[in-house]
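# Examining the three-dimensional arrangement
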Amino acid sequence: MSDPRHTLRARFDHAIVTAFGSHHAGTDPLLRRSQQARFGDYQANVAMSLSKRLGSNPRDVAAAIVANLDVAGVCEAVDVAGPGFVNLTLRADYLGAELGATAAEERLGVLPAETAETVVVDYSAPNVAKEMHVGHLRSTIIGDALVRVLELLGHNVIRQNHLGDWGTPFGMLIEHLVDLGEEEAAHELSVGDLDGFYRQAQAKFNADPAFAERARLRVVALQSGDRQTLGLWGLLVRESNRYFAAVYERLGVTLTDRDLCPESFYNPMLTDVALELESKGLAWLDDGALCAFPPGFAGREGEPLPLIVRKRDGGYGYAATDLAAVRYRARELGATRLVYVVGSPQSQHLAMVFATAGQAGWLESSRAEHVAFGSVLGPDGKMFKTRSGETVKLGALLDEAVERAASVVAEKSPHLDGAERAEVARAVGVGAVKYADLANDRVKDYVFDWDRMLAMDGNTAPYLQYARARVRSIFRRSGEAGPVVDGSAVAIVDPAERALALDLLSFDEAVRSTAELSAPHRLCTYLFGLASSFTTFYERCPVLRADTDEQRRSRLVLCDLTARALQSGLGLLGIQAPDRM
Ligand code: ARG
């Protein structure tokens, strides 16, 4: 246990129970880091909320808690301030011992979750024969950070790439494939010109009635399982997947072919899903279509809004597949938490799917959660597009990122040789794109801005990467392979050492809140704060030229912990941290 708040929570619990009775057991002491040194290291705000429940004065409540609070060996001072804040200042030797213990363990104080869950994370989910757009990029980056964090906490994570591989457009796509010939089509798709292929098919469909008719017949053949048609469809899926896999590889994303669980996977379950909803009285025919009407969803005129389970022509669509997926994930995969990393425009769709699944009893022992995100905007504040108004190709985007990063690296790190420079440029370029996406509260839109994301100062990947590389260079210059980590205490003397120590011991909390709120920006904010504390520390506290050997050793442990927390944190975000920059 390295975060002092774990200990403090237990001690507050004891004090609150002693002062006010056992029915107050488990009250959250509401510990926060103090914003100013004169308010100590942490502030407990529990007296304010508890006093409301007790009907008494918050200052008296705070005093009663403090009178029963045993923090011997942990705190050097405990004061009641203002309306009833409890300010806590830790003992330097306690902090030092916790840091020493943290340095000696691999997990840097990150505790496994109390209950390990099976968590399904639905992310990326591009569509076959269509270019991945920036929305898919966001889903991929955010989802991949979340799975890494959840796994570190010991959860059983099941990645589900809900690939869009089914639906009426496949009629025209397959006919276009037939016209082109398999070889030519495979070539076009494998070079990543997915949108070109799609647009040509669409254009023919609109212009040529005979083609449109063939496309319609093709949909029927596909749905009825015609073998030749399925073979052609399989080619489209395979070639698209090859392209997606290449993008994942370049992005350093953990998704593999094993995580593909495409829409078509659910086809055999759709009739049964419809039957179950119908028999439970949750869906009925409305103008020929089978619809569910989950309560609480109304159209513009207040009319109940339908979720279409089966269309009038008998076909099943996106909603039916998602209903089947909820049922499958909860029942067959045994997930207790279902995470959907999908853009905000699909909020209503997912809310209706979750509500209907809830009514059907499929979510009795699981909770479904829409991890929504906003749009990526161009510098003009409009949707991020290429200059000619087309979807930005992810491959080209990453090429540009690495190219731009290369000039940053050439300027900042002229001492690196060519090969190393190229590798650093890759890490910096791809890292910058990912970090810029993760660092903002995901529900907000953000502006895609090359200069800002590649800046060496501010809340950016390059800043964190350079900060870590700088610490590594201290070790190279120290002539030691690493710090002497023997579990012995770290000496906390300077206020900058104290501030850095408190940050280091907060890694667990940053990881935990990122997982709980599905909010990677929490981790980013933490890492940025840590790197900033390190910078202040390094300016004020000489490390290699410390006054005594003991101090030098102690400060090297702080350096080492910082480098490891930055590396581990960036790793959780899916970002590489080069040793030398
Ligand atoms: N393929 C969909 C799209 O591109 C995203 C799928 C999201 N996941 C889901 N279970 N609906 O919009």
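Preceding this section is the structure that the text describes.
Rules used in this analysis
Residues numbered from 1 in each chain as written. Predicted model: local features only at pLDDT ≥ 70, side-chain atom pairs only at ≥ 80, totals over all residues. Heavy atoms only, no water. Helix = DSSP H or I, 4+ residues; strand = E, 2+ residues; numbered from the N terminus. Expected span 1.5 Å × (residues − 1). Pairing = 2+ DSSP bridges. Phe/Tyr/Trp six-rings, centres within 6.5 Å; stacked < 30°, edge-to-face > 60°. Buried < 20%, exposed > 50% of the residue type's maximum accessible area, 1.4 Å probe, protein only. Contact = heavy atoms within 4.5 Å. Near = heavy atom within 4 Å. Polar contact = N/O pair within 3.5 Å; in protein donor to acceptor, adjacent residues only side chain to side chain. Areas by Shrake-Rupley, 256 points an atom, 1.4 Å probe, with all protein chains shown as cover. Axes fitted to C-alpha atoms, helices over the stretch in contact; angles between N-to-C directions.

### Some words on helix α5 (residues 134-152)
With 19 residues, α5 ought to run about 27 Å at 1.5 Å a step, and its terminal C-alpha atoms sit 27 Å apart, in line with that. Looking at the residues trailing α5, positive phi occurs at Gly 154, about 90°.

### Quick notes on the pairing of strand β3 (residues 75-81)
Along any regular strand, the residues point their side chains to alternate faces of the sheet. When β3 meets strand β4 (residues 85-90), the two strands line up antiparallel, connected through six bridges. Across the sheet, the residue bridging to Asp 79 is Asn 87, located in β4. In textbook terms, the turn of a hairpin is the stretch between consecutive antiparallel strands, and for β3 and β4 this stretch comprises three residues, one of which, Gly 82, has a positive phi near 50°.

### Section: the packing of aromatic side chains
For the structure on display, the rule yields 13 aromatic pairs. Ring geometry for Phe 384 and Phe 448: centres 4.5 Å apart, planes at 25°, overall stacked. Placement of the pair is Phe 384 in the loop between β12 (376-377) and α14 (394-412) and Phe 448 in the loop between β13 (446-447) and α16 (450-453), with a sequence separation of 64 residues. The pair formed by Phe 384 and Phe 448 is uniform in burial state, with each residue classed as buried.

### Quick look at the pairing of β4
In terms of burial, β4 is a largely internal element, five of the six residues being buried. Of the strand pairs in this sheet, strand β2 (residues 42-44) and β4 are connected by three bridges, and their pairing is antiparallel. Following the sheet pairing, Tyr 42 is matched in β4 by Leu 88.

### A few points about the side chain of His 521
Residue placement: His 521 occurs in helix α20 (residues 520-540). With near-sequence residues (within four places) excluded, His 521 lies in contact with Leu 438, Ala 439, Asn 440, Asp 441 and Arg 442.

### So, the site of the ligand
Taken together, Asp 122, Ala 125, Asn 127, His 136, His 162, Tyr 318, Asp 322, Tyr 340, Val 342 and Gln 346 are the residues near the ligand. With respect to the ligand, the side chain of Asn 127 contributes an N or O atom lying 2.8 Å from a nitrogen atom. With respect to the ligand, the side chain of Gln 346 contributes an N or O atom lying 3.0 Å from an oxygen atom. For the ligand, the accessible surface in isolation is 350 Å², of which the surrounding protein chains cover 88%. If you list the elements that add at least two residues to the shell around the ligand, you get α12 (318-331) and β10 (337-343).

### Things to note about the sheet that holds strand β6 (residues 156-160)
The parallel open sheet is built from four strands, whose spatial order is β6-β5-β10-β11. The open sheet has two edge strands, β6 and β11 (367-373), and neither has a second partner. Each neighbouring strand pair of the sheet contributes to a mean axis angle of 20°, computed without reference to strand direction. In this sheet, β6 lies alongside strand β5 (residues 118-122) in parallel orientation, the contact comprising five bridges. Considered in β6, the bridge of Asp 122 is made with Gln 160. Against the sheet, α5 contacts β5, β6, β10 and β11, and its axis sits at roughly 130° relative to β11. Across the sheet, α12 is in contact with β5, β6 and β10; its angle to β10 comes to roughly 150°.

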